[in-house]
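Observations on chain architecture
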Amino acid sequence: MISTTVLQYRRKTLLSKMTSCSAILIFASPENIMKQNEYHFCQNKDFWYFTCFDEPNALLVLIKQDEFNNQQILFNKPKDCNTEIWVGPCLGQNLAKIRIGVDYALSWDNIDKDLSKLLNNIKILYHAWNEYIEADKLVFNTLRCLRNGVDSTPPNTIIDWRPLVHEMRLFKEPEEIKLLRTSCKITSLAHTRAMKSCYPGMFEYQLEGEIHHEFNYHGARQLAYNTIIGSGYNACILHYTKNKDKMRDGDLVLVDAGCSFKGYASDITRTFPINGKFSKQQREIYNIVLTSLKCALLMLKPEININEVNHHVINIMVKHLVQLRLLKGIPNKLISEGAYLQFFMHNLGHWLGLDVHDVGSYGTSINNRILKPNMVLTVEPGLYISKDADVPIEYRGIGVRIEDNIIITKNGNECFTDSVVKEIDQIEFLMASRKNLKNVL
Ligand code: GLY
Ligand code: MN
Ligand code: MN
């Protein structure tokens, strides 16, 4: 878990970016109630980043008077014996102050009055509008109260804090790199288990169960995103999560699954033959994607940008697709016309961290973000040949994606997801070792 020292360091860093006489408000997620039962609670990731506090009805307030004077305040629920009978203990003010390392922990029950006092005479307020209706209402009412009050002055400027915070989250610290590494390790084990337990006639949801079992077994009880088990044509549906079909002998299955471990996401995709052996056409498409991934992994390092790498990947894909006669024409012309987009229609990768599609600016298409050490991202080339594509029939419905998770290092990158195999020989070898292949149902 992230230590209190690191949490304090993060809050100090944020304070150093704020102007004098300002305050910042970072709200926890609200509670989701469903007919007297709570939905699974998912904490706001920005709030979590600064507190590692997993309760709803909470607010972090940082106040900066000047360079030398600041206050860190948490509003959280007071202890309440009656609620604790139903949902278990909450931290309360005394423990929260120590565990999170703030200067004061105040009761959420008095937030209306206390927030007005704290924000009186503050010039600049940092707030992220439109995240939660209740949070916006509270801020709006506090400002109105200060405006209408005798002897009170509300902030005159409101600034969105998200660009500041998300830039911090883009660069991973040693403690969170360790957690990301573990998250990737658990997800790698789950993908290996999937390859070892897959057989023709199994249902996609049964394979999903194997993966989720491995996540839980290793203490990662949350998913980073909904698991995708797309067999046959379903592999070409990019966000296929129904996972309801029976898997057929001779088809591929695309498995895109990742756990969230102590809040940190991993995001791996592997594609493999349900019966353990690639056909000629599956092998050809798979090899184009694998070559693209390897090229990207060689190129991703400090001072390069993702667009540049993407450009090389597209060159490789188009060259090979022309060789297979799945695209017809001159490669450069096909690229400038975007002819490859029917087969590869998503980005090459995305930031990875507390969120699976993590926060942080990608720059613009003209001024694309330059990579730096300690950025963590996915690399995920794919080719999806729809069943209606104008290509020879034996290629139709083949969908392949291979996705790894990497960290940019001083001189290149390190792959966190290497331990789950991706070479054709390795996959076939691993799957040949399957025991007790059931042909149930
Ligand atoms: N699993 C979502 C993605 O690969 O972006
Ligand atoms: Mn991804
Ligand atoms: Mn993915």
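Residues numbered from 1 in each chain as written. Chains lettered and ligands numbered in written order. Predicted model: local features only at pLDDT ≥ 70, side-chain atom pairs only at ≥ 80, totals over all residues. Heavy atoms only, no water.

As named in an unreviewed UniProt entry, the protein is Xaa-Pro aminopeptidase, taken from Candidatus Pantoea edessiphila. Of the comments in the UniProt record for the protein, the one headed Catalytic activity (unreviewed entry) reads "Release of any N-terminal amino acid, including proline, that is linked to proline, even from a dipeptide or tripeptide." Quoted straight from UniProt, the Cofactor (unreviewed entry) entry for the protein says "Mn(2+)". (UniProt positions renumbered as here; feature names shortened; annotations may be inferred.)

**Considering the coordination of the manganese ion (ligand 3)**
Distances from the manganese ion (ligand 3) to its protein donors, Asp-256 (OD), Asp-256 (OD), Asp-267 (OD) and Glu-403 (OE), fall within 2.0 to 2.4 Å. Considering all 6 donor atoms around the manganese ion (ligand 3), angles at the metal cover 56 to 169° and the coordination shape is irregular. Sequence positions of the donors to the manganese ion (ligand 3) reduce to the motif D-x10-D-x135-E. For Asp-267, a relative accessible area of 4% puts it in the buried group. (Donors = N, O, S within 2.8 Å, 3.2 Å for Na, K, Ca; no water. Tetrahedral: all angles 85-135°; square planar, octahedral: opposite > 155°, others 65-115°. Buried < 20%, exposed > 50% of the residue type's maximum accessible area, 1.4 Å probe, protein only.)

**Some details on a nonpolar patch on the surface**
Together, Ile-85, Trp-86 and Val-87 give the surface a local cluster of nonpolar side chains, amounting to about 420 Å² of exposed area. Inspection of the secondary structure puts Ile-85 in helix H3 (residues 81-87). Residue classification places Ile-85 among the exposed residues on the basis of a relative accessible area of 67%. (Patch = residues over 30% accessible without salt bridge, like charges linked within 9 Å, V, L, I, M, F, W, Y side chains within 5 Å. Areas by Shrake-Rupley, 256 points an atom, 1.4 Å probe, with all protein chains shown as cover. Salt bridge = Lys/Arg side-chain N within 4 Å of Asp/Glu carboxyl O. Helix = DSSP H or I, 4+ residues; strand = E, 2+ residues; numbered from the N terminus.)

**A few points about the packing of helix H1 (residues 4-17) against helix H7 (residues 162-170)**
The geometry of a pair of packed helices is captured by two quantities: the angle between their axes and the separation between those axes. At a closest axis distance of 11 Å, the pairing of H1 and H7 adopts a crossing angle of 135°. The orientation of H1 with respect to H7, classified from their angle, is oblique. When the axes of H1 and H7 are compared, the crossing they make is right-handed. In this structure, H1 uses Arg-10, Thr-13, Leu-14 and Lys-17 to contact H7, whose residues at the interface are Leu-164, Val-165 and Met-168. For the contact of H1 with H7, the class distribution of residues is 4 nonpolar, 1 polar and 2 charged. (Axes fitted to C-alpha atoms, helices over the stretch in contact; angles between N-to-C directions. Parallel < 35°, antiparallel > 145°, perpendicular 65-115°, else oblique. Left-handed = near helix turned anticlockwise from the far one by under 90°. Contact = heavy atoms within 4.5 Å. Nonpolar A, V, L, I, M, F, W, Y, C, P; charged D, E, K, R; others polar.)

**Observations regarding the coordination of the manganese ion (ligand 2)**
Reference values for angles at a metal are 109.5 degrees in the four-donor tetrahedral case and 90 or 180 degrees in the six-donor octahedral case. Listed as protein donors to the manganese ion (ligand 2) are Asp-267 (OD), His-350 (NE2), Glu-380 (OE) and Glu-403 (OE); their distances from the metal cover 2.0 to 2.2 Å. Coordination geometry of the manganese ion (ligand 2): the 6 donor atoms subtend angles of 51 to 154° at the metal centre, consistent with an arrangement described as irregular. Mapped onto the sequence, the residues coordinating the manganese ion (ligand 2) show the spacing D-x82-H-x29-E-x22-E. Assessed through its relative accessible area of 7%, His-350 is described here as buried.

**Considerations on the nonpolar core**
One finds Leu-207, Val-253, Phe-272, Leu-371 and Leu-383 to be the most contacted residues of the largest nonpolar core, which totals 119 residues. It is helix H10 (residues 280-299) that provides the largest number of residues to this core, a total of 10 residues. When near neighbours in sequence (up to four residues on either side) are disregarded, Phe-272 contacts Ala-194, Met-195, Cys-198, Leu-207, Asp-251, Leu-252, Val-253, Val-255, Phe-278, Ile-427 and Met-431. Grouped together as the second largest cluster of nonpolar side chains are 20 residues, Phe-75, Leu-119, Leu-125 and Leu-146 included. (Core = buried A, V, L, I, M, F, W, Y, C linked by side-chain atoms within 4.5 Å.)

**Here we look at the pairing of strand E10 (residues 228-231)**
The side-chain alternation of E10 yields two buried faces, one formed by Ile-228 and Gly-230 and the other by Ile-229 and Ser-231. Summarising the sheet, E10 and strand E11 (residues 252-257) pair through 4 bridges and their orientation is antiparallel. Paired with Gly-230 across the two strands is Leu-254, which belongs to E11. (Pairing = 2+ DSSP bridges.)

**Brief notes about the packing of aromatic side chains**
As enumerated under the stated definition, the model contains 5 aromatic pairs in all. With a centroid separation of 6.4 Å and 55° between ring planes, the pair formed by Phe-47 and Phe-53 is classed as tilted. Assigned by exposure class, Phe-47 and Phe-53 land together as buried. Between Tyr-49 and Phe-50, the ring centres sit 5.0 Å apart and the planes meet at 85°, which makes this aromatic pair edge-to-face. Relative accessible area serves as the criterion here: at 1%, Tyr-49 is assigned to the buried category. (Phe/Tyr/Trp six-rings, centres within 6.5 Å; stacked < 30°, edge-to-face > 60°.)

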